Every structure is written in C-alpha cells, then in structure tokens.
Amino acid sequence: MYAFLTLVRYKKRFIYFALSAMALHRLPLWLNRNVLFHKTLGCGKGGTFSRTPDWQQYGLLVVRRKEEVEQWPAEMSDQQLLQRIYGKWIVRWWNWFGCETMILHLEPIEGHGTWDGKQAFGPLPPKSGYEGPIGILTRATIRYSKRNRFWEHVEAVAEDMRRADGFWFSVGIGESPFLRQATFSVWESKEKMKQFAYKMHNHAEVVQKTRKENWYSEDMFVRFKLVETRGTIEGSNPLANRLASLT
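Residues numbered from 1 in each chain as written. Predicted model: local features only at pLDDT ≥ 70, side-chain atom pairs only at ≥ 80, totals over all residues. Heavy atoms only, no water.

Undergrad: Kindly report on the overall build of the protein, identifying the contributing residues and their values.
TA: Across its full length, the protein carries 9 helices and 8 strands. Look at the contacts in the protein between residues 6 or more apart in sequence, and 76% of them connect residues 24 or more apart. Carbon and sulfur atoms provide 52% of the accessible area of the protein, an area that totals close to 12600 Å². (Helix = DSSP H or I, 4+ residues; strand = E, 2+ residues; numbered from the N terminus. Contact = heavy atoms within 4.5 Å. Areas by Shrake-Rupley, 256 points an atom, 1.4 Å probe, with all protein chains shown as cover.)

Right under this line is the structure:
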C-alpha cells in the first residue's frame, strides 16, 4: 500500500470554509472505491501533539493500493497528482480558496497498532531492513481520565525532538485537539530516530508511563519510507532539498 498525507493551508479569511471541509471532504473519499482508508485532520501549533489548533492548516490522509498507484503516469504536475489522489472535487475546492499544499508520498514498511479498530496501512511487520530517511506516525486515542497526565509531559518531549540529531520535520495532526492526537515526524535515518526514542530521557520516560498507567484506549506506531514530497507549506518545503541531496 501507499499512503499520501497532504498538508493544506488556508488564508485567514477562509477559516470557516476550512472547518467545513473537515466534514464535506469525507463524502467523496468515502465514495471512492480506490481509497482504502482516509482521515480529515486538524493540525496543531508547534509541530507535535498540541491542544492549540492551527485554524489555517489541515491534513488529509488517504491509503491506496500500491499496484494502482504504480500504474499512474510517471510525469504529472502537482495538480494532476492531487487529483489522482483525492479526486477533482476536493482539488477544485482547494484551488477556489487559494490553498497552499504540500504532498508527502509514503510507503508503510513496519509498525503496529490500529486506527478506529483497523489496520489502516495493511498488515505490517514489526521490523524491516530499511535504514534510510524515515517518516514516523505516532497516534493515540487518549483516555479522558488520563488527559492531564498526558498533556503535562508533551512539551518536554517536543522540545527534545526539535533539538535531536537527525530530526528533519514534524507536524501535529489529529481528529480532535485533546483526545485523538497524532504526530508525523521525519528523520534522517532510522538509527537517528532510535537514538531519540530510546536514549532521550524525557521520551523514554513518557513511553514507560503510557504503558504502566494505561493512558491510551487505542494507539498506533508506523514507520514509512519517503517516496516523494511536493509543494510547499508556509512558502517552503522543509524536506525537498534534504531528500534531493541523497539522490
């Protein structure tokens, strides 16, 4: 399977329409038989789990069959690619409101857990031999009774991540600001990501507490190979030059 995560940024005067899109865009995705899984997502400020929404920025995640995507034309413009992924109606909506978009084309390679009770990215092995640049999706449904314990630890971990060796990019995404949260981050290599995950004291401590205190009613952790990135968000693409330097 392939996953596509597109970050969409609206102008301030169109925030109402951005919020409307969270509901309206679900229907054409639900009707599209080639879309295996989809989520319309809000974004938080600060690039990780956040209680403060960024009302101008949103995410749209879809999963499609690998064999279908590999039959698409090799040379497509960004607009043509977006239309292939999401359909013409959604892309016309973004164009009408002058949205800025950044596309992340991802191949899930390893992971565990569920999203709404589903293996959203198909059955995955817990480990693979891939060691290159890697995207990480960490998402959880936080138990209401554990919300304060969760949020009191978030900022310290986020600060460690932003300073970590090999960290390239992150965005906070989720279905609700407080209880259904995710972070998608990109790292120079799997080894650099592991150094952060297992050697940074704040992160290691939080991982232990989530398990010991049962913070989550559902969680998921998936690693992705970065196939391609296109477009910009807030005027730049923080991954394009890094990936280009490796080819």
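Having put the structure on the table, let's press on.
Undergrad: Can you lay out the nonpolar core for me, pointing to particular residues and giving the numbers?
TA: Counting residues in each nonpolar core, the largest one holds 29 residues, and the members touching the most others are Phe-121, Leu-137, Ile-173 and Phe-184. Those elements that place two or more of their residues in this core are β1 (2-9), β2 (35-44), β3 (53-64), β4 (100-113), β6 (167-176), β7 (180-187) and β8 (216-231). Setting aside its immediate chain neighbours within four residues, Leu-137 contacts Trp-115, Phe-121, Ile-173, Ala-182, Thr-183, Phe-184, Met-220, Phe-221, Val-222 and Phe-224. In this structure, Phe-4, Val-62, Leu-82 and Ile-90 belong to the second largest nonpolar core, which totals 27 residues. (Core = buried A, V, L, I, M, F, W, Y, C linked by side-chain atoms within 4.5 Å. Buried < 20%, exposed > 50% of the residue type's maximum accessible area, 1.4 Å probe, protein only.)

Undergrad: Residue-level account of the environment of Val-227, with values.
TA: With respect to the helices and strands, the residue Val-227 is situated in strand β8. Since its relative accessible area comes to 39%, Val-227 is described here as partly exposed. Taking C-alpha positions, Val-227 is 9.9 Å from Pro-133, a pair spaced 94 residues apart along the chain. The residues touching Val-227, leaving out its near neighbours within four places in the chain, are Tyr-2, His-105, Leu-106 and Glu-107.

Undergrad: Account for the environment of Glu-228, with residues named and values stated.
TA: One can find Glu-228 in strand β8. As a C-alpha pair, Glu-228 and Leu-104 span 124 residues in sequence and 6.2 Å in three-dimensional space. Once you skip the residues sitting within four places of it in the chain, Glu-228 turns out to touch Leu-81, Ile-103, Leu-104 and His-105. At 2.8 Å, the side chain of Glu-228 forms a polar contact with the side chain of Arg-230. (Polar contact = N/O pair within 3.5 Å; in protein donor to acceptor, adjacent residues only side chain to side chain.)

Undergrad: Could you give me a rundown of the pairing of β1, with the residues and numbers involved?
TA: Burial runs high along β1: 8 of the 8 residues are buried. Burial along β1 is two-sided: Tyr-2, Phe-4, Thr-6 and Val-8 and Ala-3, Leu-5, Leu-7 and Arg-9, pointing in opposite directions, are all buried. Of the strand pairs in this sheet, β1 and β3 are connected by 8 bridges, and their pairing is antiparallel. Bridged to Tyr-2 within β3 is Arg-64. Here 7 bridges tie β1 to β4, and the two strands are oriented antiparallel to one another. Residue pairing across strands places Arg-9 opposite Glu-100, the latter belonging to β4. (Pairing = 2+ DSSP bridges.)

Undergrad: Provide a residue-level description of the packing of aromatic side chains, including the pertinent values.
TA: Across all of its chains, the model carries 13 aromatic pairs by this definition. Between the aromatic rings of Tyr-10 and Tyr-58, the centroid separation amounts to 6.0 Å while the plane-to-plane angle is 90°, which identifies the pairing as edge-to-face. Of the two residues, Tyr-10 sits in the loop between β1 and α1 (15-24) while Tyr-58 sits in strand β3, which places them 48 residues apart along the sequence. Using a relative accessible area of 3% as the deciding quantity, one classes Tyr-10 as buried. An angle of 65° between the planes, with centres 5.1 Å apart, marks the rings of Phe-14 and Phe-97 as edge-to-face. Highlighted residues: Phe-14 in the loop between β1 and α1 and Phe-97 in the loop between α5 (88-96) and β4, separated in sequence by 83 residues. Phe-97 carries the same exposure label as Phe-14, and that label is buried. Three or more aromatic residues joined by ring pairs form one cluster here, namely Phe-14, Tyr-16, Phe-17, Trp-89, Trp-93 and Phe-97. (Phe/Tyr/Trp six-rings, centres within 6.5 Å; stacked < 30°, edge-to-face > 60°.)

Undergrad: I'd love a proper account of the sheet that holds β3, names of residues and values included.
TA: An order of β1-β3-β2-β6-β7-β5-β8-β4 is seen for the 8 strands of this closed barrel, with the pairing classed as antiparallel. Averaged over all pairs of adjacent strands, the angle between strand axes in this sheet comes to 35°, irrespective of strand direction. With 8 bridges connecting them, β2 and β3 associate as antiparallel partners. Considered in β3, the bridge of Gly-44 is made with Pro-53. (Axes fitted to C-alpha atoms, helices over the stretch in contact; angles between N-to-C directions.)

Undergrad: So what about a nonpolar patch on the surface? Which residues, and what values?
TA: There is a patch of nonpolar side chains on the surface, built from Leu-27, Trp-30 and Leu-31 and spanning about 390 Å² of accessible area. Here Leu-27 lies in helix α2 (residues 26-31). (Patch = residues over 30% accessible without salt bridge, like charges linked within 9 Å, V, L, I, M, F, W, Y side chains within 5 Å. Salt bridge = Lys/Arg side-chain N within 4 Å of Asp/Glu carboxyl O.)

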